[in-house]
Amino acid sequence: MKFDKNKCQSNFVCTAVDPDHFQEADDGKVELIGGTVEGNIHTLEVDESEKTRAQQAADGCPMMAIELIDTESGETLAP
Ligand code: SF4
């Protein structure tokens, strides 16, 4: 899962839908719990069993700030 903090507008759909992966950050935006940060891009590997909620978060983000990508095929699974 990939999250672009620059696109985030803090409406917290993601933390409501997928609180195991998203939490509010000190700057008022969100962060991926246990994720890797490179500039404004945060990445996190999601287990198969947790994929549905990550997908719902990506689909629910009105800013298209979250992307769920299959690491093997490179295919975008959501949004
Ligand atoms: S749903 Fe999108 S815009 Fe809203 S807080 Fe989460 S990442 Fe940011």
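Our structure is the block above this text.
Here the structure is a predicted model, which means the values were calculated and not measured. (Residues numbered from 1 in each chain as written. Predicted model: local features only at pLDDT ≥ 70, side-chain atom pairs only at ≥ 80, totals over all residues.)

Caption draft 1: Main features of the overall build of the protein chain. Along its length, the protein chain carries two helices and seven strands. Ordered by position from the N terminus, the helices and strands of the protein chain form the series β-α-β-β-β-β-α-β-β. Here the protein chain has a C-alpha radius of gyration of 11 Å; the compact-globule value for 79 residues is 12 Å, and the two agree. In terms of principal-axis extent, the alpha carbons of the protein chain reach across some 35 × 25 × 20 Å. Taking all 79 residues of the protein chain together, the buried fraction comes to 23%. Counted over contacts in the protein chain with a minimum sequence separation of 6, partners at least 24 positions apart contribute 49%. (Helix = DSSP H or I, 4+ residues; strand = E, 2+ residues; numbered from the N terminus. Rg over C-alpha atoms; globule rule 2.2 N^0.38 Å. Buried ≥ 20, exposed ≤ 12 C-beta atoms within 10 Å, placed from the backbone. Contact = placed C-beta atoms within 7 Å.)

Caption draft 2: Structural detail: the site of the ligand. Neighbouring the ligand are the residues Cys-8, Gln-9, Ser-10, Asn-11, Phe-12, Val-13, Cys-14, Val-30, Cys-61, Met-63, Ala-65 and Ile-66. Of the residues belonging to the shell around the ligand, the class tally is nine nonpolar, three polar and no charged. (Near = placed C-beta within 6 Å. Nonpolar A, V, L, I, M, F, W, Y, C, P; charged D, E, K, R; others polar.)

Caption draft 3: Region of the structure containing unusual backbone geometry. Look at the link from Ala-78 to Pro-79: it is a cis peptide, with omega at 0 degrees. Structurally, Pro-79 can be placed in the segment after strand E7 (76-78). Positive phi, close to 55 degrees, is recorded for Ser-10, a residue that is not glycine. Examined against the element boundaries, Ser-10 turns out to sit in the loop between strand E1 (2-4) and helix H1 (13-17). Backbone geometry at Met-64 places phi at a positive 50 degrees, although glycine is not the residue there. Along the chain, Met-64 falls in the loop between helix H2 (51-60) and strand E6 (66-69). On the neighbour-count criterion, Met-64 (11 C-beta atoms within 10 Å) is exposed.

Caption draft 4: Structural context of the sheet that holds E1. Spatially, the five strands line up as an open sheet ordered E4-E5-E1-E6-E7, and their pairing is antiparallel. Of all the strands in the sheet, the pair left with one neighbour each is strand E4 (36-38) and E7. Taking the axes of each pair of neighbouring strands and ignoring which way they run, one obtains an average angle of 30 degrees across the sheet. When E4 meets strand E5 (residues 41-43), the two strands line up antiparallel, connected through three bridges. Across the sheet, residue Thr-36 finds its bridge partner in E5, namely Thr-43. Helix-sheet contacts for H2 involve E6 and E7, and the interaxial angle to E6 is about 140 degrees. (Pairing = 2+ DSSP bridges. Axes fitted to C-alpha atoms, helices over the stretch in contact; angles between N-to-C directions.)

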